[in-house]
Amino acid sequence: MEEEHHHHGHGHGHGQQHWNERYSGAPRLFNSEPDESLVEFVSDLTPGRAVDLGAGEGRNSLWLARNKWQVTAVDISDVAIGRLEAAAKEEGLGIKTVVSDIVEFLGHGELYDLVVLAYIQWAAEERVRLLKSAAAAVAPGGHLFLVGHHLDSLGKGGPQQPERLYTEESLKDAFPGLDIVVLERIERPAGDIGMHGVDIVAWAQRPSAAI
Ligand SMILES: C[S@@+](CC[C@H](N)C(=O)[O-])C[C@H]1O[C@@H](n2cnc3c(N)ncnc32)[C@H](O)[C@@H]1O
């Protein structure tokens, strides 16, 4: 998986053309199973409004919708969103889809009971801003779930630029207003397609509004 470094209009990670080219190069780019940590954390919750930021082909959005969440899936790639819509239709699931840059989308100020960020590997200030605005989109009592490639994945899966990878240190103060409930490093065995390496998982909650 080659990840060249270049700048473009938005400055957010890679642009629409980059991602459309990657998706168009394969009938399916990422696996279809939902993230297992997401499943673990979310299974105990009462379904509400969820947003999947950078949803891709929609493995997590589809699982949430199957489990009665009211899902909005946002991605900059219309190719990926097209695949997600086709899969949702086939299963008879209603998912609201938005082709947009994540940060632009978050600017609308909507609140969600669950905010999902799965493998969004931005660098530096772009990432700081992304995580801050994702945290701001969590409703009182709601949760944020993040899974991504850990710095220890260098030489294994994911982007091979250290600045795009996560560490525990880089996440512990990244979500203003939220309490971090879980912050853990997960080793993914080789042979797990597209996932080989080390991941980081964060599960955070905004305290419920005081009565
Ligand atoms: C590695 S994929 C992960 C997809 C999905 N979250 C999953 O776990 O299967 C990263 C996704 O982020 C999307 N993306 C990248 N930059 C984006 C941006 N600025 N705004 C919205 N989506 C973006 C890409 O199109 C791609 O679908």
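Above this text sits the structure in question.
Remember, predicted model here, so these are calculated numbers, not experimental data. (Residues numbered from 1 in each chain as written. Predicted model: local features only at pLDDT ≥ 70, side-chain atom pairs only at ≥ 80, totals over all residues. Heavy atoms only, no water.)

Asker: Is there a simple way to think about the pattern of salt bridges in this case?
Answerer: A side chain with one charge can pair with a side chain of the opposite charge if their charged atoms come near. Applying the stated rule across the entire model yields 10 salt bridges. We note a salt bridge from Glu 110 to Arg 49, for which the minimum N-O separation is 3.2 Å. With Glu 110 in the loop between helix H5 (102-106) and strand E4 (112-118) and Arg 49 in strand E1 (residues 49-53), this residue pair connects regions lying 61 residues apart in the sequence. Its relative accessible area of 29% is what places Arg 49 among the partly exposed residues. (Salt bridge = Lys/Arg side-chain N within 4 Å of Asp/Glu carboxyl O. Helix = DSSP H or I, 4+ residues; strand = E, 2+ residues; numbered from the N terminus. Buried < 20%, exposed > 50% of the residue type's maximum accessible area, 1.4 Å probe, protein only.)

Asker: What is the right way to look at the nonpolar core in this model?
Answerer: Generally speaking, nonpolar side chains in soluble globular proteins are found buried as a group. The biggest cluster of nonpolar side chains holds 28 residues, and the ones touching the most others in it are Leu 53, Val 115, Leu 131, Leu 146, Leu 171 and Phe 175. Only E1, H5, E4, helix H6 (124-136), strand E5 (138-149) and strand E7 (197-205) provide two or more residues apiece to this core. For this core, the leading source of residues is H6, giving four residues. Those residues within four positions of Leu 131 in sequence are excluded, and the remaining contacts are Leu 117, Leu 146, Tyr 166, Leu 171, Ala 174 and Phe 175. Counting residues in each nonpolar core, the second largest holds 25 residues, with Leu 38, Leu 84, Ile 95 and Phe 145 among its members. (Core = buried A, V, L, I, M, F, W, Y, C linked by side-chain atoms within 4.5 Å. Contact = heavy atoms within 4.5 Å.)

Asker: What's the story with helix H3 (residues 59-66) in this structure? I'm lost.
Answerer: The α-helix winds at 3.6 residues per turn, so residues separated by three or four positions along the chain end up facing the same way. Most of H3 sits inside the fold, with seven of its eight residues counted as buried. Along H3, the residues classified as buried are Arg 59, Asn 60, Ser 61, Leu 62, Trp 63, Leu 64 and Ala 65. On the buried face of H3, the contacting elements are helix H2 (36-42), E1, strand E2 (70-75), helix H4 (78-91), strand E3 (95-99) and E4. Phi turns positive one or two residues past the end of H3, at Lys 68, with a value near 75°.

Asker: Teacher, can you tell me more about the site of the ligand here?
Answerer: Tyr 23, Gly 54, Arg 59, Asp 75 and Asp 101 are the nearest of the 20 residues found near the ligand. At a separation of 2.5 Å, an oxygen atom of the ligand approaches a polar side-chain atom of Tyr 23. Here Arg 59 contributes a side-chain N or O atom positioned 2.7 Å from an oxygen atom of the ligand. Against a free-state accessible area of 600 Å², the protein chains account for coverage of 96% of the ligand. Of all the elements in the fold, those that place two or more residues in the shell around the ligand are helix H1 (16-24) and H3. (Near = heavy atom within 4 Å. Polar contact = N/O pair within 3.5 Å; in protein donor to acceptor, adjacent residues only side chain to side chain. Areas by Shrake-Rupley, 256 points an atom, 1.4 Å probe, with all protein chains shown as cover.)

Asker: Honestly, the side chain of Ser 37 in this entry has me stumped. Any pointers?
Answerer: With respect to the secondary-structure elements, Ser 37 resides in helix H2. Apart from the residues within four sequence positions on either side, Ser 37 is in contact with Phe 145, Ile 186 and Val 201.

Asker: It is not clear to me how unusual backbone geometry should be interpreted in this structure. Could you clarify?
Answerer: Residues other than glycine predominantly adopt negative phi, and peptide bonds predominantly adopt the trans conformation. The phi angle at Lys 68 is positive, at roughly 75°, despite the residue not being glycine. By secondary structure assignment, the location of Lys 68 is in the loop between H3 and E2.

Asker: Looking at this model, I keep getting lost on the environment of Leu 146. Mind explaining?
Answerer: Tracing the chain through its elements places Leu 146 in strand E5. Measuring from C-alpha to C-alpha, the distance between Leu 146 and Lys 96 comes to 21 Å, with 50 residues separating the pair along the chain.

Asker: Could you clarify how one ought to interpret the packing of H1 against H4 in this entry?
Answerer: When two helices pack together, their arrangement is captured by the angle between the axes and the distance separating the axes. One can describe the packing of H1 onto H4 by two numbers: an axis separation of 7 Å at closest approach and a directional angle of 50°. In terms of axis orientation, H1 runs oblique to H4. Between H1 and H4, the residues in contact are Gln 16, Asn 20, Tyr 23 and Ser 24 and Asp 78, Val 79, Ala 80 and Arg 83, respectively. Class assignment for the residues of the contact of H1 with H4 results in three nonpolar, three polar and two charged. (Axes fitted to C-alpha atoms, helices over the stretch in contact; angles between N-to-C directions. Parallel < 35°, antiparallel > 145°, perpendicular 65-115°, else oblique. Nonpolar A, V, L, I, M, F, W, Y, C, P; charged D, E, K, R; others polar.)

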